[in-house]
Amino acid sequence: MAERKTAVKTATEPNFLQFNDLACEAVSGKVIFASDEWFAPAANLLKREPPQFIASAFTEFGKWMDGWETRRKRIPGHDWCIIQLGVPGLIYGFDVDTSFFTGNYSPHVSIQAGCLDQPPAFTLERDRTGMAASDSQLAAVAKLGSEAWPELVCMSELQPGYTDCCHNYFEVNFNRRVTHLRLNMYPDGGIARLRVFGVGLRDWSSVSTNQDVDLVALTNGGVCLGYSDAHFGHPRNMIGLGRAANMADGWETARRLDRPKNLKVDQRGILQVPGWEWAVFRLGHHGVIGSVEVDTNHFKGNFPDSCRIEACTLTPEEEAQCIRSRWNSGKWQVLLPPQKLRPHHRHLYSSEELTLSRPVSHIRLIIAPDGGVSRLRLWGRPTPVSKATANQQRPASKL
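Residues numbered from 1 in each chain as written. Predicted model: local features only at pLDDT ≥ 70, side-chain atom pairs only at ≥ 80, totals over all residues. Heavy atoms only, no water.

Trainee: Could you give an account of the overall build of the protein chain, with specific residues and numbers?
Mentor: Helix and strand counts for the protein chain stand at two helices and 24 strands. Computed over C-alpha atoms, the radius of gyration of the protein chain comes to 23 Å, within 12% of the 21 Å expected from 2.2 N^0.38 for 399 residues, which places it in the range of a compact globule. Residue burial in the protein chain is summarised as follows: out of 399 residues, 54% are buried. Residue pairs in contact within the protein chain that sit at least 24 positions apart in sequence constitute 83% of those at least 6 positions apart. Here the protein chain has roughly 18,400 Å² of accessible surface; of this, 52% comes from carbon and sulfur atoms. Each charge class in the protein chain can be summarised by its mean position, and for the 45 positive and 42 negative side chains these summaries are 4 Å apart. (Helix = DSSP H or I, 4+ residues; strand = E, 2+ residues; numbered from the N terminus. Rg over C-alpha atoms; globule rule 2.2 N^0.38 Å. Buried < 20%, exposed > 50% of the residue type's maximum accessible area, 1.4 Å probe, protein only. Contact = heavy atoms within 4.5 Å. Areas by Shrake-Rupley, 256 points an atom, 1.4 Å probe, with all protein chains shown as cover. Lys, Arg positive; Asp, Glu negative; His and termini not counted. Charge placed at Lys NZ, Arg CZ, Asp CG, Glu CD.)

Trainee: Can you break down helix 2 (residues 316-324) residue by residue, with the values?
Mentor: Every buried residue of helix 2 is listed here: P316, E319, A320, C322 and I323. One side of helix 2 holds all its buried residues, which, seen down the axis, span an arc of 160°. In helix 2, the exposed residues that point more than 90 degrees away from the buried face are E317 and R324. Those residues of helix 2 that are buried lie in contact with strand 16 (223-227), strand 18 (277-295) and strand 22 (360-368). At the exit of helix 2 stands R326, carrying a positive phi of roughly 55°. (Arc of directions from axis to C-beta.)

Trainee: Quick one: what's the story with the packing of aromatic side chains, residue by residue and with numbers?
Mentor: Counted according to the given criterion, the structure contains seven aromatic pairs. Plain terms: the ring middles of F16 and Y169 are 6.3 Å apart, the flat faces sit at 80° to each other, and that makes the pair edge-to-face. Taken as a pair, F16 in the segment before strand 1 (20-21) and Y169 in strand 11 (residues 167-171) lie far apart in primary sequence, 153 residues in all. Look at F16 and F197: their rings are 5.9 Å apart centre to centre, the planes differ by 40°, and that puts the pair in the tilted class. With F16 in the segment before strand 1 and F197 in strand 14 (residues 193-200), the pair connects residues that are 181 residues apart, well separated along the chain. Across the pair, exposure class does not vary: F16 and F197 are buried alike. Among the aromatic residues, those joined into a ring-pair cluster are F16, Y169 and F197. The aromatic ring of F58 is capped on one face by K63, whose charged end is 5.3 Å from the ring centroid. Sitting over the face of the ring of W80, R182 holds its NZ or CZ atom 3.7 Å from the ring centroid. (Phe/Tyr/Trp six-rings, centres within 6.5 Å; stacked < 30°, edge-to-face > 60°. Lys NZ or Arg CZ within 6 Å of the ring centre and 35° of its normal.)

Trainee: Residue-level account of the environment of F174, with values.
Mentor: Counting through the fold element by element, F174 comes out in the loop between strand 11 and strand 12 (178-186). The exposure class assigned to F174 is buried, which follows from its relative accessible area of 17%. When the C-alpha atoms of F174 and I91 are compared, they prove to be 6.9 Å apart, with 83 residues separating the residues in sequence.

Trainee: Explain the nonpolar core to me, and be specific about the residues and the numbers.
Mentor: Ranked by internal contacts, the top residues of the largest apolar core, which has 67 residues, are I91, F94, L181, I289 and L376. The dominant element in this core, judged by the number of residues it contributes, is strand 7 (residues 79-97), at seven residues. Excluding residues within four positions of it along the chain, I91 makes contact with L22, L85, L152, V172, F174, V178, L181, V196, F197 and G198. Counting residues in hydrophobic clusters, the runner-up holds 22 residues, among them L90, V273, L314 and W327. (Core = buried A, V, L, I, M, F, W, Y, C linked by side-chain atoms within 4.5 Å.)

Trainee: How would you explain the side chain of H362 if you had to name every residue and give the values?
Mentor: Among the structural elements, H362 can be located in strand 22. Reaching out from H362, the side chain makes a polar contact with the side chain of S361 at a distance of 2.7 Å. (Polar contact = N/O pair within 3.5 Å; in protein donor to acceptor, adjacent residues only side chain to side chain.)

Trainee: Run through the pattern of salt bridges, naming residues and quoting values.
Mentor: Under the criterion given, the structure shown has 19 salt bridges. The residue E277 makes a salt bridge to R256 at a minimum N-O spacing of 3.0 Å. In this pair, E277 is assigned in strand 18 and R256 in the loop between strand 17 (251-252) and strand 18, connecting sequence segments 21 residues apart. In this pair, the class of E277 matches that of R256, namely buried. Ionic pairing is found between R346 and E293, a salt bridge with its closest N-O pair at 3.0 Å. Taken together, the positions of R346 in strand 21 (residues 346-349) and E293 in strand 18 put the pair 53 residues apart, joining distant regions of the chain. Given a relative accessible area of 7%, E293 falls into the buried group. The network of salt bridges with common partners includes K47, D66 and R193. (Salt bridge = Lys/Arg side-chain N within 4 Å of Asp/Glu carboxyl O.)

Trainee: Tell me about the environment of T253, residues and numbers included.
Mentor: Here T253 lies in the loop between strand 17 and strand 18. By relative accessible area, which is 3% here, T253 ends up buried. Separated by 117 residues in sequence, T253 and D370 have C-alpha atoms that sit 6.0 Å apart. In contact with T253, other than residues within four places in its own chain, are D229, H231, F232, E277, I367, D370 and G371.

Trainee: Tell me what's going on with the side chain of E293, and back it up with residues and numbers.
Mentor: Only 3.0 Å separates the side chain of E293 from the side chain of R346, close enough to count as a polar contact. What E293 contacts, discounting residues up to four positions off in sequence, is R346, H347, L348, R375, L376, R377 and W379.

Trainee: Tell me about unusual backbone geometry, and name the residues and values.
Mentor: Following Y186, the chain continues to P187 via a peptide bond in cis, the omega torsion being -15°. One can find P187 in the loop between strand 12 and strand 13 (190-191). In this model, A368 is joined to P369 through a cis peptide bond whose omega is -10°. Residue placement: P369 occurs in the loop between strand 22 and strand 23 (372-373).

Spatial relationships are all this shows, so hold off on functional conclusions.
See the structure below:
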């Protein structure tokens, strides 16, 4: 079968962008403290949707902005907020997005990280536009000692929110679990979005080996390590929480250009096409997969005709080699044979339909010829591992 070449990434786009956004509101990330929110509330930082600009939009406090914007500071200090990650884990990089903040962006930023045993009792509620932290909120947040948390990003200059420079990327080398972040603006201004790219880190010691869990879920440490095409939606969306909100909340490829002019099917009704698309995931933990769900929710005129799933077990060194070779590995074995798919439907496959009963660490979802899948669930039981796994020693992935 033929495989389409993927578009070349721009030189300025870092590899960590393929990981999961651990702070997004879609995974229950939230801002629990902000020093000031005069023009626009800090909660906007974690919105799933890209920032927008409405020239005619104003509030009683000034220009409406789709981000976090503080007042022009006229007292000592600087503005800052505390973010509680929706998925605690290892962080590999940040995108501090200043989109549309051109004459009002924060000129400098730093980011600190903490790992708290219990989430703080305080939080922020309702629209806080036009508000600042109260004395009681300042007293409560002071107990965290966040000013002493380790620094992931030292004080760094930001670029304004023009299209060609609004994404301020910061790579991180920090091998400790993070639950909370402190985002510092120096001294004030605005930021549209904060994307926190990383991999969830679950405490598997509390999970019974007789308990079925979704081994590829974002919350359990699953992560996308490579794909053939993501023209309309990234494969990482498939391991998100709940069912997809819409087509944008799934994986969708471009239409393949090598489709036959006249389509034919085999005896099972599966299209006979020369090409396919694929996405590779590392499981959050080695395990035996007992059932599979492939959900094409929302994909009605653009669902794949068929899918199959392959699996293998890799060491960290083998994973790194597979990344370099774009996953042309000879270790793949069929987990789920080719299956005809339906539009806007949850496809459930039991253990009787699966062909592997041994522990695996990686899977490859293959769709033919192209199209969209909203969710992928791999229910199974974690198995003990005798040595460091790829999930514990993560090389930086390169697509």
